[in-house]
Amino acid sequence: MSTATCARFCTPLTSGTAGSTSKLTTGNGSGVGNMTSSYKKKIPSNSSSTTTANDSSNTETTFTFKLGRSNGRSSSNVASSESSDPLESDYSEEDPEQEQPRPDPATNSRSSSTTTTTSSADHDNDVDEEEEEDDDDEEEGNGRDADDATHDSSESIEEDDGNETDDEEDDDESEESSSVQTAKGVRKYHLDDYQIIKTVGTGTFGRVCLCRDRISEKYCAMKILAMTEVIRLKQIEHVKNERNILREIRHPFVISLEWSTKDDSNLYMIFDYVCGGELFTYLRNAGKFTSQTSNFYAAEIVSALEYLHSLQIVYRDLKPENLLINRDGHLKITDFGFAKKLRDRTWTLCGTPEYIAPEIIQSKGHNKAVDWWALGVLIYEMLVGYPPFYDEQPFGIYEKILSGKIEWERHMDPIAKDLIKKLLVNDRTKRLGNMKNGADDVKRHRWFKHLNWNDVYSKKLKPPILPDVHHDGDTKNFDDYPEKDWKPAKAVDQRDLQYFNDF
Ligand SMILES: Nc1ncnc2c1ncn2[C@@H]1O[C@H](COP(=O)(O)OP(=O)(O)OP(=O)(O)O)[C@@H](O)[C@H]1O
């Protein structure tokens, strides 16, 4: 994500009203326009065939949506809270001009994002209904998810986080000085250890910079999130989830969090620097990938999803923008801002319109199955060059997702097509990856039959693309962001700082 405007938008998903744009400028957005135009050209005006791949449930759900700037790259969505917290009340901004969805299949880039939530009444109904039909639920416990719109306040966040991933000892230490982190047991970290070199990406709340660790001399990426923005956009829970989950995980195809801290204005997360840039860029430059190339990336994602799901973590934001290519050509999944540790289904509507699963739109509660749906969308997009459900407006995208109709290219690899069809099944109890054999069903699909999955995990497969980089700190694969655009974030007061006590 390297766009000028906010990459995440929140929209309450409630009956009958239309939301509007919330424009959040955080950078200059250079380098995105080309992507947009090449994407536009690739949206077909008609297709060779259309099939219905699933049970195409009807829905009478009406929703509001918030429009952001279309720029060829999708914006992530965030879940909006219906909390009465005054800190959160100014988030939505009305824009009557944007009220009507205007589906136009022949145009444009990936749509901007939305954020939606559902009413508590709906949730209650859904719980009963879904518990009967979803055979994957039992293993995820009985607790109602803290992302439920009615519980999406900062209070519930803290309760949730405390039970799930927090290490109290670490929290105390980082709170005191923001210079000590004991997870590795050997080093005292301090922000001054990091020399900021250059901005390589922007996000909803701030930016990601290339840094040099003065102690180890390693390059790393520092994600800087302005606390005022995190609070204003009601993303306290998601940001804490992100940090807590990242602290828990380690996998070859998942970004590694080295350290995190805060001061009185920003939250900081230090990651390995992945110098190859986003898969999105390579895909847009190539137009589409071969079946072999798509297979390679899909296999690494399957390996990562299997790992995350084994920890009851649902990722919820799979898309080419969040897949970085390392210098060795292997993937690193980044941006765990929507990741969620499951105890049961979760209800918050978040994700990116083109990648959202039907059960999210229908507010049925959702679980790991949403990641397998998104994998189907991703494989399609890699092979075809654009996503299977496309419209200028999120509303139109949602309609297409729910219709279950997929347009297929005539010359598409039939085995890959078969896998996509089995992933893009509306009924999640019949979706590959979400049935009783879990990820094994995906791994055993014919499209992957040539693979040794241990070799995949051990990075023994030959990467199809090696990024053009000259050294580990090379930034040529990232857009340029004028550094003078950045103003120091405002310090938050003591009361607001408490929201981040355990960060
Ligand atoms: N470890 C990394 N190495 C190199 N670049 C990175 C790294 N992490 C993030 N980036 C770059 O910065 C961009 C923004 O990162 P990220 O998506 O994590 O931020 P975000 O604030 O969560 O964004 P969003 O608001 O879109 O969710 C990425 O798309 C990527 O281009």
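You'll find the chain entered in an unreviewed UniProt entry as Protein kinase DC2, with Drosophila rhopaloa given as the organism.

S.K.: Which parts of the structure should I look at to understand the overall build of the chain?
M.R.: Helices and strands together make up the secondary structure of the chain, namely 15 helices and 13 strands. The long-range share in the chain, meaning contacts at least 24 apart out of those at least 6 apart in sequence, stands at 79%.

S.K.: When you look at helix H11 (residues 394–403) in this model, what are you seeing that I'm missing?
M.R.: Because each turn of an α-helix spans 3.6 residues, side chains separated by three or four positions in sequence point in the same direction. In terms of residue burial, H11 counts as a mostly covered element, since 7 of its 10 residues are buried. Looking at H11, one finds that the buried residues are Pro394, Phe395, Gly396, Ile397, Tyr398, Ile401 and Leu402. Downstream of H11 by one or two residues, Gly404 has phi in the positive range, about 75°.

S.K.: Got a minute to help me understand the sheet that holds strand S4 (residues 194–202) in this structure?
M.R.: Sheet strands associate in pairs through backbone hydrogen bonding, adopting either a parallel or an antiparallel arrangement. Spatially, 5 strands are ordered S4-S5-S6-S8-S7 in an open sheet, and the strand pairing comes out antiparallel. Bordering the open sheet on either side are S4 and strand S7 (257–262), each of which pairs with just one other strand. Within this sheet the neighbouring strands show an average axis-to-axis angle of 25°, counted without direction. Bridging between strand S6 (residues 219–226) and strand S8 (residues 266–272) involves 7 bridges; their strand directions are antiparallel. Among the inter-strand pairings, Leu225 is bridged to a residue of S8, identified as Leu267.

S.K.: Is there a simple way to explain the environment of Pro488 in this structure?
M.R.: Structurally, Pro488 can be placed in the loop between helix H14 (453–457) and helix H15 (494–497). Pro488 gets classed as exposed once you look at its relative accessible area, which sits at 76%. Residues Pro488 and Asn434, 54 residues apart in the sequence, show an inter-C-alpha distance of 45 Å.

S.K.: Before we go on, may I ask you to explain the UniProt feature "binding site: ATP" (unreviewed entry) in the chain in this structure?
M.R.: Using the residue numbers shown here, the UniProt feature "binding site: ATP" (unreviewed entry) corresponds to Lys223. Exposure remark for Lys223: the relative accessible area of 13% places this residue in the buried category. The residues touching Lys223, leaving out its near neighbours within four places in the chain, are Arg207, Val208, Glu242, Leu267, Tyr268, Met269, Phe271 and Asp335. A distance of 2.7 Å separates polar atoms of two side chains, one belonging to Lys223 and the other to Glu242.

S.K.: Honestly, unusual backbone geometry in this entry has me stumped. Any pointers?
M.R.: In most cases, non-glycine residues show a negative phi, while peptide bonds are predominantly trans. Phi at Lys234 takes a positive value of approximately 60°, unusual for a residue other than glycine. With respect to the helices, strands and loops of the structure, Lys234 is situated in the loop between helix H5 (227–232) and helix H6 (236–248).

S.K.: What is the right way to read the state of the cysteines from this model?
M.R.: Cysteine pairs can be covalently joined through their sulfur atoms, and such a bond is termed a disulfide. Summed over the entire model, instances satisfying the criterion amount to 0 disulfides. Of the cysteine sulfurs around Cys211, a residue in no disulfide, the closest is that of Cys220, at 5.2 Å. A residue is classified by how much of its surface remains accessible, and Cys220, at 6% relative accessible area, is buried.

S.K.: Explanation requested: the packing of helix H10 (residues 369–384) against helix H12 (residues 414–423) in the structure shown.
M.R.: Helix packing geometry: the angle between the two helix axes and the distance between the axes. Packing of H10 against H12 leaves a shortest axis separation of 8 Å and a crossing angle of 150°. What the angle tells us is that H10 and H12 run roughly antiparallel. Note on packing geometry: the crossing formed by H10 with H12 is left-handed. Touching Trp372, Trp373, Leu375, Gly376, Ile379, Tyr380 and Leu383 of H10 are Ala416, Leu419, Ile420 and Leu423, all from H12.

S.K.: What is the right way to read the nonpolar core from this model?
M.R.: Nonpolar side chains in soluble globular proteins tend to be buried together. Counting residues in hydrophobic clusters, the biggest one holds 98 residues, and the most contacted among them are Phe336, Ile379 and Phe448. Top contributing element to this core by residue count: H10, with 12 residues. Setting aside residues up to four positions removed in sequence, Phe448 forms contacts with Asn295, Ala298, Ala299, Val302, Leu419, Val442, Lys443 and Trp453. Core analysis: the next-biggest nonpolar cluster, separate from the first, contains 11 residues, Leu191, Cys220, Ile224 and Ile270 among them.

S.K.: Could you clarify how one ought to interpret the packing of aromatic side chains in this entry?
M.R.: One pair of aromatic rings is described through two measures. These are the centre distance and the angle between the planes. Counted under the stated rule, the structure contains 11 aromatic pairs. With a centroid separation of 5.1 Å and 80° between ring planes, the pair formed by Phe296 and Tyr297 is classed as edge-to-face. With a relative accessible area of 5%, Phe296 lands in the buried category. Tyr297 sits in the buried class, given a relative accessible area of 0%. Members of the aromatic cluster, connected to one another through ring pairs, are Tyr189, Tyr194 and Trp259. Here the basic side chain of Arg187 rests over the ring of Tyr189, its NZ or CZ set 4.2 Å away from the ring centre. Here the guanidinium or amino end of Arg243 rests over the ring plane of Phe503, the centre of that ring lying 4.8 Å away.

S.K.: Teacher, can you tell me more about the side chain of Asn266 here?
M.R.: In this structure, Asn266 sits in strand S8. The exposure class of Asn266 is buried, given its relative accessible area of 11%. A polar atom in the side chain of Asn266 sits 3.3 Å from the side chain of Tyr268. With residues up to four places along the chain from it excluded, the contact list for Asn266 reads Ile224, Leu225, Ala226, Met227, Thr261 and Ala489.

S.K.: For this particular structure, what's the right way to read H10?
M.R.: Here H10 spans 23 Å end to end across 16 residues, near enough to the 22 Å set by a 1.5 Å rise per residue. Burial of H10 is extensive: 16 of the 16 residues sit out of reach of the surface. Where H10 terminates, the next one or two residues include Gly385, which has phi positive at roughly 105°.

S.K.: What should I look at first to understand the packing of helix H8 (residues 291–310) against H10 in this one?
M.R.: Taken N-terminus to C-terminus, the directions of H8 and H10 make an angle of 165°; their axes are 10 Å apart at the nearest point. The pairing of H8 with H10 is recorded here as roughly antiparallel in orientation. Of the two possible hands of crossing, H8 and H10 adopt the one that is right-handed. Contacts between H8 and H10 involve Ser291, Ser294, Tyr297, Ala298, Ile301, Val302, Leu305 and His309 from the first element and Asp371, Trp372, Leu375, Leu378, Ile379, Met382 and Leu383 from the second. Split by residue class, the contact of H8 with H10 holds 11 nonpolar, 3 polar and 1 charged.

The rules we used
- As a convention, each chain's residues are numbered from 1 in the sequence order in which they are written.
- Residues qualify for local features only when their pLDDT is at least 70, as the model is predicted, and side-chain atom pairs are given and counted only at 80 or more; totals for whole chains, interfaces and linings, by contrast, use all residues.
- The basis for the side-chain values is all heavy atoms of the structure; hydrogens and waters are excluded.
- Numbering of helices and strands runs from the N terminus; a helix is a DSSP stretch of H or I covering at least four residues, while a strand is a stretch of E covering at least two.
- Any two residues having at least one pair of non-hydrogen atoms within 4.5 Å are treated as being in contact.
- Here's how the labels work: a residue is buried when its accessible area is under 20% of the maximum for its type, exposed when over 50%, partly exposed in between, all with a 1.4 Å probe on protein chains only.
- One requirement defines pairing of two strands: DSSP has to find at least two bridges between them.
- Lines are fitted to the C-alpha atoms to define the axes, a helix being fitted only along its stretch in contact, and any angle between axes, read from their N-to-C directions, falls within 0 to 180 degrees.
- UniProt positions are given in the numbering used here, feature names are shortened, and annotations may be inferred rather than shown by experiment.
- Counting of polar contacts relies on pairs of N or O atoms within 3.5 Å, with two restrictions inside protein: one atom must be capable of donating a hydrogen and the other of accepting it, and residues adjacent in sequence are counted only when both atoms are side-chain atoms.
- Here, two cysteine sulfur atoms that lie within 2.5 Å of each other are counted as a disulfide.
- The labels follow the angle: roughly parallel below 35 degrees, roughly antiparallel above 145, roughly perpendicular from 65 to 115, and oblique for the rest.
- When the near helix sits turned anticlockwise from the far one by under a right angle, the crossing is termed left-handed; a clockwise turn instead gives a right-handed crossing.
- Here, nonpolar core refers to any group of buried Ala, Val, Leu, Ile, Met, Phe, Trp, Tyr and Cys residues whose side-chain atoms link them within 4.5 Å.
- Classification of ring pairs rests on two measures: the distance between centres of Phe, Tyr or Trp rings, Trp counted by its six-membered ring, which must be within 6.5 Å, and the angle between planes, read as stacked under 30 degrees, edge-to-face over 60 and tilted in between.
- Whether a charge sits over a ring depends on NZ of Lys or CZ of Arg being within 6 Å of the ring centre and within 35 degrees of the ring normal.
- To estimate how far a helix should reach, multiply one less than its number of residues by 1.5 Å.
- Here the term charged refers only to Asp, Glu, Lys and Arg, the term nonpolar to Ala, Val, Leu, Ile, Met, Phe, Trp, Tyr, Cys and Pro, and the term polar to all other amino acids, Gly among them.

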